[in-house]
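# What the coordinates show
Here is how the chains run, residue by residue.
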Amino acid sequence: MSSRTTPATRRALAPSEPPGGRSLRTRLRGVLPVLGSLQGYIGLVLVVVAGMLTKGQVFWNQQNLTNAVGAFASRGILAVGETLVILTAGIDLSVGSLLGIASMVSALLLVHQNLNIYEIVPLCMVVGALFGLANGAATALLRIQSFVVTLAMLNVVRGIDRMLSDNVSVGTQLINAHGQLTPRSAQFQVLGTPGHNILTGLPLPFVGRAGIYYPVLALVVVVVVFQLLLSKSKFGRHIYAVGGNETAARLSGVNTTYVKIAVFMLAGLLAGFAGPIDAAYSASADPLAGSSYELDAIAAVVIGGASLAGGRGSIVGTLVGSLILTLLDNVLGLNAISDNAQLIIKGLIVILAVVIQRPDLFRALGPSVRRLGRLIRNRADDPPGKAEVGSPQPQPATPPLEESR
Amino acid sequence: MSSRTTPATRRALAPSEPPGGRSLRTRLRGVLPVLGSLQGYIGLVLVVVAGMLTKGQVFWNQQNLTNAVGAFASRGILAVGETLVILTAGIDLSVGSLLGIASMVSALLLVHQNLNIYEIVPLCMVVGALFGLANGAATALLRIQSFVVTLAMLNVVRGIDRMLSDNVSVGTQLINAHGQLTPRSAQFQVLGTPGHNILTGLPLPFVGRAGIYYPVLALVVVVVVFQLLLSKSKFGRHIYAVGGNETAARLSGVNTTYVKIAVFMLAGLLAGFAGPIDAAYSASADPLAGSSYELDAIAAVVIGGASLAGGRGSIVGTLVGSLILTLLDNVLGLNAISDNAQLIIKGLIVILAVVIQRPDLFRALGPSVRRLGRLIRNRADDPPGKAEVGSPQPQPATPPLEESR
Amino acid sequence: MAVGREIHETQPDNAGGSSAPAAPGPGRVILAMNAITKTFPGVRALSGVDLTVRAGEVAAILGENGAGKSTLMNILAGVFSDYGGDIALDGVPVAIHSPKTAQHLGIAMIHQELNLVPDMSIVDNIFLGREPRTPRGTIDRKTMDEQATRLLAEVGLALPPRRPVRQCRVAEQQLIEVAKALSASLRVLVMDEPTSALADAEVRRLFTVIRRLAGQGVGIVYISHRLEELDEIADSVTVLRDGAYIGRREMAGTTRAELISMMVGRPLDELFPRSDSPAGPGEEVIRVEDLDLAGDRREGRAALHGVRLVARAGEIVGLAGLMGAGRSETLEAIYGAFPRRAVHGSVRLRGRRYQPRSPRHAIRNGIALVAEDRKAQSLVLTNSVRFNASLAALGRFMRRGTVSAARERAAVSGMVTDLRIKTPGLNTAVGNLSGGNQQKVVLAKCLLTEPSLILMDEPTRGIDVGAKAEIYQLMTELAGRGSAIVMVSSELPELLAMCDRIVVLCEGRVTAEFRRGEATQEAILDAAMDRQAVLGVDPAAPSRAPARREVSDE
Amino acid sequence: STAPTSTATRSASKSQFVIGYSQSNNAEPYRAQLNIQLQYYVKKYPNLKLLPITDAQQSSAKQVSQVQNFIAQHVDVLIISPNEPAPLAAAVQQACNAKIPVIVLDRSVNNQCYTSFIGGDNVAAGKQAGDLAVKLLPNGGNVVELQGILSDQPQIDRDKGFREGIAANPKIHIVAQREAKWLKESATPIMQQWLAQYPKIDLVYSENDPMALGAYLAAAGAKRAGQIKFLGTDGLAIPDGGIRAVQQGQMAGTFIYPTCAEQAAETAEAIVTGKPVQKTQTLQVTPVTPDNAASLYAQYDDSKFQS
Ligand SMILES: Nc1ncnc2c1ncn2[C@@H]1O[C@H](COP(=O)(O)OP(=O)(O)OP(=O)(O)O)[C@@H](O)[C@H]1O
Ligand SMILES: Nc1ncnc2c1ncn2[C@@H]1O[C@H](COP(=O)(O)OP(=O)(O)OP(=O)(O)O)[C@@H](O)[C@H]1O
Ligand SMILES: [Mg+2]
Ligand SMILES: [Mg+2]
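The rules behind the values
Residues numbered from 1 in each chain as written. Chains lettered and ligands numbered in written order. Predicted model: local features only at pLDDT ≥ 70, side-chain atom pairs only at ≥ 80, totals over all residues. Heavy atoms only, no water. Helix = DSSP H or I, 4+ residues; strand = E, 2+ residues; numbered from the N terminus. Contact = heavy atoms within 4.5 Å. Areas by Shrake-Rupley, 256 points an atom, 1.4 Å probe, with all protein chains shown as cover. 1 Å grid on protein atoms, 1.4 Å probe; cavity = no way out; pocket = protein on both sides within 12 Å on 5 of 7 lines; lining within 4 Å. Points joined across faces, edges and corners; volume = space filled by probe spheres on them. Nonpolar A, V, L, I, M, F, W, Y, C, P; charged D, E, K, R; others polar. Near = heavy atom within 4 Å. Polar contact = N/O pair within 3.5 Å; in protein donor to acceptor, adjacent residues only side chain to side chain. Disulfide = S-S within 2.5 Å. Buried < 20%, exposed > 50% of the residue type's maximum accessible area, 1.4 Å probe, protein only. Phe/Tyr/Trp six-rings, centres within 6.5 Å; stacked < 30°, edge-to-face > 60°.

Going by an unreviewed UniProt entry, chain C carries the name Sugar ABC transporter ATP-binding protein and comes from Rugosimonospora acidiphila.

### Some words on the overall build of chain C
The secondary structure content of chain C amounts to 18 helices and 22 strands. If you take every contact in chain C between residues at least 6 apart in sequence, the share linking residues at least 24 apart comes to 68%. On chain C, roughly 19,700 Å² of surface is accessible, and the fraction owed to carbon and sulfur atoms is 48%.

### Focus on empty space enclosed by the protein
Applying the stated rule across the entire model yields 16 cavities of 30 Å³ or more. Empty space within the second largest cavity amounts to approximately 250 Å³. Taken together, 18 residues form the lining of the second largest cavity, with L251(B), S252(B), Q103(C), A108(C) and M109(C) sitting closest to its centre. Where the lining of the second largest cavity is concerned, the elements lending two or more residues are helix 11 (246-251) of chain B together with helix 2 (99-104), strand 6 (107-110) and helix 5 (170-182) of chain C. Its residues assigned to classes, the lining of the second largest cavity comprises 11 nonpolar, four polar and three charged.

### Focus: the site of ligand 1
Residue and element names in this part refer to chain C. Around ligand 1 there are 19 residues in total, and G66, K69, S70, T71 and G436 lie nearest to it. Between ligand 1 and K69, the relevant distance is 2.7 Å, taken from an oxygen atom to a side-chain nitrogen or oxygen of the residue. Interatomic distance of 2.6 Å between a side-chain N/O atom of S70 and an oxygen atom of ligand 1. Protein burial of ligand 1: of its 630 Å² of free accessible surface, 90% is covered by the chains. Sorting the residues of the shell around ligand 1 by element identifies strand 2 (43-54), helix 1 (69-76) and helix 14 (435-448) as the ones contributing at least two each.

### Focus: the site of ligand 2
All names here are of chain C. Lining the immediate surroundings of ligand 2 are 17 residues, of which R169, R327, S328, E329 and E372 lie closest. A325 is positioned with one of its backbone polar atoms (N or O) 3.1 Å from an oxygen atom of ligand 2. When isolated, ligand 2 has an accessible area of 620 Å², and the protein chains bury 91% of it. By residue class, the composition of the shell around ligand 2 is six nonpolar, five polar and six charged.

### A closer look at the state of the cysteines
With the rule as written, the count across this model stands at one disulfide over all chains. Shown here is the disulfide that connects C96(D) with C113(D), its sulfur atoms set 2.0 Å apart. Taking the sign of the S-S torsion, 80° for the link of C96(D) and C113(D), the bridge is right-handed. Placement of C96(D) in helix 4 (residues 87-97) and of C113(D) in the loop between strand 5 (102-105) and strand 6 (116-119) is noted, with a sequence separation of 17 residues between them. With no disulfide partner, C168(C) has as its closest neighbouring cysteine sulfur the one in C506(C), 20 Å distant. Its relative accessible area of 5% is what places C168(C) among the buried residues. For C499(C), which is in no disulfide, the shortest distance to another cysteine sulfur is to C446(C) and amounts to 17 Å.

### Some remarks on the packing of aromatic side chains
Counted according to the given criterion, the structure contains 10 aromatic pairs over all chains. Here the aromatic rings of F40(C) and F80(C) are separated by 5.1 Å at their centres, their planes lie at 75°, and the arrangement is edge-to-face. One end of the pair, F40(C), is in strand 1 (residues 29-40); the other, F80(C), is in the loop between helix 1 and strand 4 (84-89), with 40 residues separating them in the sequence. On the basis of relative accessibility, which here comes to 28%, the residue F40(C) falls in the partly exposed class. Here F80(C) falls in the buried class, since its relative accessible area comes to 12%. The interplanar angle of 80° and the centroid separation of 5.5 Å between the aromatic rings of Y216(D) and F230(D) together place this pair among those described as edge-to-face. Within this pair, whereas Y216(D) is found in helix 8 (residues 209-221), its partner F230(D) is found in strand 10 (residues 229-231), the two being separated by 14 residues in sequence.

Written as structure tokens, this is what we have:
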């Protein structure tokens with residue numbers, strides 16, 4: 001079939017490819033603006049600045065940041081899977097329950113089977129992926145709205161989880177006859193029990209000899225792997241296509257059924273991966289673990305710029321959304337804001353963070369603000385009015401045609 | 001949508017139309033298939049039949065049904081408002097919190113201001129509508145996804161609610177010096193305290209002299225009013241248009257901004273209306289009242305056949321969805337199924353109910369089931385193989401082109 | 001209808017003081033747009049464009065894809081509220097901020113892309129935004145139904161008004177849009193490529209409507225890339241190029257060549273480059289026999305009955321027919337777009353038995369489809385040109401398991417150059433391109449899969465003359481290199497000039513086949529309207545014909 | 001009131017009596033254990049039969065309808081752990097109206113028509129924790145408090161009692177308190193933030209054991225667990241519970257908040273057989289310290305109820 005090159009393509013293929021590869025600057029440009037533009041990071045930057053201004057040293061030190069991110073890591077991992085589902089215009093409400101059952105399975109495997117973590121983690125991922133498969137099959141084959149499917153799955157899985165555990169939480173810190181942790185149990189701790197790091201011996205950049213807190217590392221690895229999957233692989237393209245226009249995707253040769261099933265499986269797989277982390281973090285698997293995590297995960301995804309209508313979003317965006325949520329919590333907590341005030345402030349700041357990220361912010365806020373904006377921009381930029389020409393990422397079409405939901 | 005009549009139906013209907021207005025049968029035909037087809041009611045019928053078979057007398061008596069529906073009434077009312085929002089392709093996660101704050105406001109007005117219910121209920125509706133306005137404005141004017149806006153509002157309102165109440169629930173059964181309920185407090189009870197009915201003296205059809213339980217009546221009235229609004233008013237048409245194709249609606253001169261703000265306001269208004277019912281039902285306003293009601297409300301809407309992508313759904317459908325949920329709970333509860341099993345069974349039955357409602361069920365389940373279906377139909381119908389030609393209801397287009405989310 | 005009611009009470013001629021060259025026209029100036037400018041981020045879409053329309057005049061606007069025609073008219077219809085310049089209606093300056101204002105001023109527009117609510121009924125769509133109400137405040141269904149039936153009849157549709165639009169064919173939807181525009185009290189009616197989805201018979205019907213409206217004094221703005229239509233319907237032509245005003249001509253006494261050179265900026269001689277294929281047809285690429293398709297009203301899908309079709313390497317085969325004749329369905333059935341169980345018949349691809357299974361399978365077998373509805377079937381509008389163009393051919397750009405951005409960019413930018421796609425960059429969202437350029441992106445997507453059999457459904461829909469010539473050139477080239485092309489077109493001249501053979505469909509059946517040279521417009525139309533031949537028998541009977549054969553290779 | 005008499009008349013014709021138990025929330029470990037124990041103790045009476053326990057999942061509305069279901073099924077005794085006092089009042093009233101005797105467990109209702117109330121005293125639990133804190137910090141010190149859901153009555157009562165208790169030593173200060181919603185995983189990051197902010201924390205008072213253990217994990221992770229004393233509440237005898245934690249030295253103490261299951265079964269039997277019952281039975285809160293932890297664990301061991 002390769003002999004069937006059209007004249008048009010052949011003419012084009014050769015010339016414009018750069019000989020030596022792209023420069024660092026070009027590469028950076030390619031990575032940073034995954035959110036559509038640098039504007040996407042403003043919300044995060046503001047939260048960090050707020051933390052530094054109010055609690056400087058206490059906020060901006062490795063331990064605090066590790067703690068903050070570590071507490072959110074399992075939800076951040078769920079959010080990565082959720083991003084995939086949302087990109088195909090679906091939604092997965094069951095990820096919290098899936099994390100719960102995976103955490104329970106991990107604890108039971110540790111306690112009753114005395115497995116090691118290299119056995120436990122993959123098994124949990126399989127469990128998650130199987131439930132994800134059921135979600136995907138019901139959505140893609142029975143064509144039920146994913147909201148309904150996964151809402152039902154949320155309950156079903158929680159019921160199974162609670163049956164498995166007999167409604168009692170299962171501790172993972174097992175003591176042997178000498179009053180010490182069993183080796184497997186001690187090993188399990190590195191999956192996330194606070195203070196238990198991995199690679200503690202090595203002199204690592206940034207973190208020094210303290211080592212790396214596994215949940216943070218796991219989150220970073222998941223983010224990197226799935227960002228690459230989305231931006232570099234064929235499958236990633238297909239995910240965007242299915243969410244953007246399913247008919248067009250199908251007619252372009254995308255196996256839309258497969259893609260939809262796959263994203264739910266991956267979301268389940270990641271929930272399964274996050275389960276043991278959650279169990280280690282609490283040193284126990286609670287039958288209710290992960291309840292309402294799905295809302296945090298979805299919030300991270302949409303704050304990160306994804307559209308629930310599908311086709312728009314990125315994993316890096318989700319990471320930014322996750323960081324905004326967790327650091328905001330941290331900053332408010334460090335400042336000893338009362339719990340009720342926190343609820344209010346957090347809600348308002350989330351709105352603010354999203355508003356700030358809007359590429360057409362100035363337009364949306366009406367002519368008066370626009371005039372102000374123009375004034376500022378005229379001072380800052382050289383040639384006015386060519387804002388987007390050079391921007392390397394596609395600015396999503398917005399005002400007249402787009403629907404915001 | 002009663003307007004979805006195919007030529008086939010109309011041809012069938014037109015000649016038989018009597019000169020002096022439509023016959024009862026025709027009218028019934030016009031009302032019942034609001035769900036797209038009678039199939040939409042199968043799920044409900046199955047649940048009812050299950051109840052009758054397993055618990056006959058206990059299930060099918062007025063008291064039990066009143067209790068079951070009464071318990072869900074406030075969520076059912078929320079679901080009506082949620083339907084409007086979902087029809088415009090939005091979502092409102094804040095309705096549970098809005099119900100919470102309205103219930104708190106109603107209790108505070110009763111306890112501290114000693115107002116009567118004719119003052120309390122409208123005031124609560126105003127409170128709900130104002131927050132709804134804020135939701136709508138942020139969604140329609142700032143063009144932030146409604147999921148984010150209302151998730152933030154959920155937290156903000158909950159924070160305010162808890163601050164208002166100082167984290168303590170406020171009882172509505174006020175005792176005066178003689179150890180009896182104050183008159184206003186006694187009056188407040190009829191809003192929903194179980195066992196307190198209205199119109200108790202009158203010999204009413206169906207319910208007899210026992211009277212009518214206000215939450216049930218309120219739900220019915222809200223359903224009727226809003227179903228009429230949707231099907232008979234200009235505004236109702238515009239709601240469907242905004243959800244079905246926002247660009248087309250805007251280009252046709254529909255004020256889409258206004259419509260979007262209005263549906264959120266109405267959702268808030270209804271949450272405000274449901275608040276006092278919840279407070280009376282519980283005889284107190286809990287600062288956490290209404291938490292996660294939004295999920296029940298949304299579930300009722302989607303089980304009732306609405307599409308989260310907007311433009312498709314009806315209030316009657318939402319009522320059916322609500323009834324499925326509440327009667328299912330009731331049947332499982334009466335049969336003394338254990339909780340964890342209930343979670344699992346409920347999840348599975350919800351899926352089943354939705355699958356059964358799918359017009360192209362037989363097609364979706366693959367050729368084998370289809371063959372079975374054909375067999376059955378061939379026995380039932382007269383001419384074989386012309387299943388679709390004479391089918392009286394338009395089956396919404398589904399398989400290859402439509403996206404299910 | 002209150003159409004044109006107020007015309008005779010307003011000012012005399014020329015009150016608008018238009019700056020456009022005053023020319024003798026049918027009536028007074030009803031619309032004057034002066035020095036209109038409009039910029040999108042990074043694109044200057046209009047710079048100082050004038051347009052004058054007289055009462056009763058059909059004023060055509062002509063320009064290449066992306067020249068700014070739709071933008072100009074969108075400004076008039078209130079879609080864009082931030083623009084420069086003045087608009088006067090009947091000599092009165094007006095400010096149009098929203099579609100609603102435009103509506104109130106008696107301006108109606110039929111947009112280039114269909115804008116209907118699929119889940120609502122025809123009647124609800126027609127009256128959307130201006131529903132009549134009963135004294136009780138409820139919508140007046142009776143009046144709506146009556147008026148809708150009349151309006152539909154006016155545009156030549158005999159559809160039940162309560163049918164959901166989703167169940168209507170594209171062409172029907174286009175005519176519903178026209179009916180919708182008629183229901184306002186009209187002063188100016190803008191039609192942005194109303195005929196791009198219509199076949200000849202429907203175009204006739206539309207012209208009748210246009211003439212009647214013009215007779216009633218409505219000013220009509222007509223945008224089309226079909227120049228032969230302008231000869232017939234337009235009184236004057238305003239030409240735009242790259243957002244600039246080039247000139248205005250009275251249609252009478254202006255040659256087509258002159259218009260083309262105004263539009264393209266250079267003379268363009270050979271529109272249809274194709275002559276008889278010198279080498280003669282090669283081996284058979286596809287042979288379709290007894291193709292049956294179960295119709296599906298819910299999806300607006302016509303049925304096919306025993307369609308047979310052969311295309312050889314190097315051949316361009318045309319499919320002609322009226323709307324709903326089943327041309328699109330034939331292509332889509334071959335492409336595997338329908339559920340397998342709906343399709344029966346035998347297909348041979350390059351001599352081998354071929355079971356249309358899925359589009360993916362088709363692409364793997366060297367088949368490509370340019371679908372009919374680019375917005376619904378072909379493009380992810382919010383994503384970039386690069387994303388869309390490469391979507392079907394990603395496998396070609398793989399390197400070490402990932403999509404090589406460099407290869408992809410090179411291939412797509414090659415296509416952009418070759419097809420002269422006017423876009424600010426490869427990363428521009430496709431939704432921001434002009435309609436014609438979107439169509440070219442669809443073509444690019446197909447060509448990048450390197451197909452040997454290309455199924456084209458209205459490939460030049462909405463494409464300007466210059467670009468059409470390029471596409472014809474390209475098709476000729478592709479055929480010359482041994483591809484087989486099956487093309488559906490509602491433009492008979494295009495079919496006659498481009499095709500080696502033309503197969504005519506009517507009601508899902510092949511009613512005629514012509515070789516190049518044998519075919520004439522009249523013969524094709526005769527065959528296309530040969531309903532008697534098809535419907536002479538009971539229309540339902542053949543659909544249950546036992547001759548159906550199941551294609552099976554399972 | 002009328003309840004005992006009516007059941008007494010029934011008892012003549014019946015050999016087995018049906019008990020319905022409406023639990024406010026199965027998910028809390030304390031309540032899960034209560035369920036298990038109730039099932040265990042009811043089995044000891046051959047004339048009693050316990051229907052499947054219903055779980056209101058912290059929703060009063062749900063619990064009301066579950067109670068109504070029991071009424072519809074005409075249970076002979078209704079046991080209820082109300083989610084909240086006010087909301088369940090009407091439901092309890094409906095039961096009374098239907099002549100069903102009601103035993104209220106653990107939390108009160110705003111209604112006096114029940115037959116018997118059995119419960120612990122949350123203020124006392126908080127007070128004893130305060131007393132223990134005073135004993136542990138003779139020289140005073142900084143205390144942080146982890147709270148359950150702020151509007152929950154046990155939270156309010158335990159907080160009140162604790163403050164009464166530590167009032168004995170004015171040098172003990174509560175430097176911070178936050179709502180951790182009874183959840184272990186919420187307590188950990190809150191404690192981490194406190195550790196970062198306060199160089200000196202001497203004692204953590206937590207209104208339930210899971211939150212205390214969550215805080216302990218944070219402190220252990222920061223290598224400061226040795227300098228801090230942890231007090232919890234609930235004292236469940238499960239492997240993952242508070243008594244074990246005290247035994248292992250993670251916590252300085254906890255308080256067994258009685259499950260009331262044994263008394264509930266006893267009372268139910270008394271009601272159906274027409275014996276007199278006390279209207280209010282308040283059970284003692286038992287402090288758990290490293291000294292008595294092992295024996296208490298053995299005494300309350302959860303696994304012995306599982307069978
Ligand atoms: N919403 C938009 N955002 C950005 N650019 C736009 C937008 N709409 C149109 N443009 C640009 O404005 C220019 C004019 O487009 P327009 O749609 O008016 O062309 P047209 O003359 O109607 O072309 P066609 O014949 O292909 O329909 C094009 O360059 C197009 O890319
Ligand atoms: N709303 C729609 N969205 C997507 N595809 C549609 C829609 N409506 C119709 N179609 C598809 O368009 C095709 C029918 O096209 P249309 O009604 O325009 O007929 P036509 O192209 O004029 O006639 P012919 O069938 O002879 O090509 C069908 O394949 C149908 O699936
Ligand atoms: Mg255009
Ligand atoms: Mg077609």
